[in-house]
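# Structural characterization, general
These are the residues of each chain, in order.
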Amino acid sequence: MAEKRNIFLIGPMGAGKSTIGRQLAQMLGMEFMDSDSVIEERAGADIDWIFDVEGEVGFRKREERIINELTQGQGVVLSTGGGSILSKENRNVLSARGIVIYLETTVDKQFERTQRDKKRPLLQNDDPRKTLEELAKIRNPLYEEIADITLQTDDQAAKLVATNIIEMIDNLQ
């Protein structure tokens, strides 16, 4: 049943949305898309460059347009950027057009997974762990607000998480 619906993965950076999304799409024979990758492809620039030139506000406007477009299809697994849920428009679109899966992770695991990644503009500061904690306070309630299913991803293999998602979606039917 899962392959008949859109599946949208939300959660903080480092939760495994892209890795798990690819695995999930492959297992279900669905198309995988990553909103951040589509934004970069269309802009012809990295997200950190877009942040530098347009600021977070400019980036979020681009993100809203892309998410609105990508969620209109059928049979799509979409990995969204960690901050996409800050937009009420994005939350409404994701909730209305598919099954929303919140991939939950701890700040410790996020820090471990992202500390060497230089392509995360919000973490390019003196205290990325503090930034992750502050983002979690704001964003976690928004992830929870629109999630149909919540799964913890710490210390879980992507294939196992994807298998669990499929079982949980089938149980929703």
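For clarity, every value in this text was computed on a predicted model and none was experimentally measured. (Residues numbered from 1 in each chain as written. Predicted model: local features only at pLDDT ≥ 70, side-chain atom pairs only at ≥ 80, totals over all residues. Heavy atoms only, no water.)

Bringing the nonpolar core into the picture now. Side chains of nonpolar character tend, in soluble globular proteins, to be buried together. Ranked by internal contacts, the top residues of the largest apolar core, which has 24 residues, are Ile-10 and Leu-94. Listing elements by their share of this core, those giving two or more residues are β1 (7–10), α2 (35–43), α3 (47–70), β3 (76–79), α4 (88–97), β4 (99–104) and α6 (128–146). Of all the elements, α3 adds the most residues to this core, at 7 residues. When sequence neighbours within four positions are dropped, the list of residues in contact with Leu-94 reads Phe-8, Ile-10, Ile-67, Thr-71, Thr-80, Val-100 and Ile-146. Core analysis: the next-biggest nonpolar cluster, separate from the first, contains 20 residues, Ile-149, Leu-151, Val-161 and Ile-165 among them. (Core = buried A, V, L, I, M, F, W, Y, C linked by side-chain atoms within 4.5 Å. Buried < 20%, exposed > 50% of the residue type's maximum accessible area, 1.4 Å probe, protein only. Helix = DSSP H or I, 4+ residues; strand = E, 2+ residues; numbered from the N terminus. Contact = heavy atoms within 4.5 Å.)

In this section: the packing of aromatic side chains. For the coordinates displayed, the defined rule picks out 2 aromatic pairs. When the ring of Phe-51 is compared with that of Phe-59, the centres are 5.1 Å apart and the planes differ by 40°; the resulting orientation is tilted. The pair Phe-51 / Phe-59 is uniform in exposure class, with both members buried. Summarising the aromatic geometry, the rings of Tyr-102 and Tyr-143 are spaced 5.0 Å apart at their centres and angled 35° between planes, so their arrangement reads as tilted. Here Tyr-143 lies in helix α6 and Tyr-102 lies in strand β4, a separation of 41 residues in the sequence. Tyr-143 shares its class with Tyr-102; the two are buried. (Phe/Tyr/Trp six-rings, centres within 6.5 Å; stacked < 30°, edge-to-face > 60°.)

A word on the packing of helix α1 (residues 17–28) against helix α7 (residues 158–172). Any two packed helices are characterised by the angle at which their axes cross and by the distance between the axes. Where α1 meets α7, the axes come as close as 9 Å, and the angle between the chain directions of the two elements is 60°. Regarding the angle of α1 to α7, the classification is oblique. Two packed elements cross with a definite hand, and for α1 against α7 that hand is right-handed. Contact residues: Thr-19, Ile-20, Gln-23, Leu-24, Met-27 and Leu-28 in α1; Ala-158, Lys-159, Val-161, Ala-162, Thr-163, Ile-165 and Ile-166 in α7. A breakdown of the residues in the contact of α1 with α7 according to their chemical character gives 9 nonpolar, 3 polar and 1 charged. (Axes fitted to C-alpha atoms, helices over the stretch in contact; angles between N-to-C directions. Parallel < 35°, antiparallel > 145°, perpendicular 65-115°, else oblique. Left-handed = near helix turned anticlockwise from the far one by under 90°. Nonpolar A, V, L, I, M, F, W, Y, C, P; charged D, E, K, R; others polar.)

Just distances and angles here, no functional claims.
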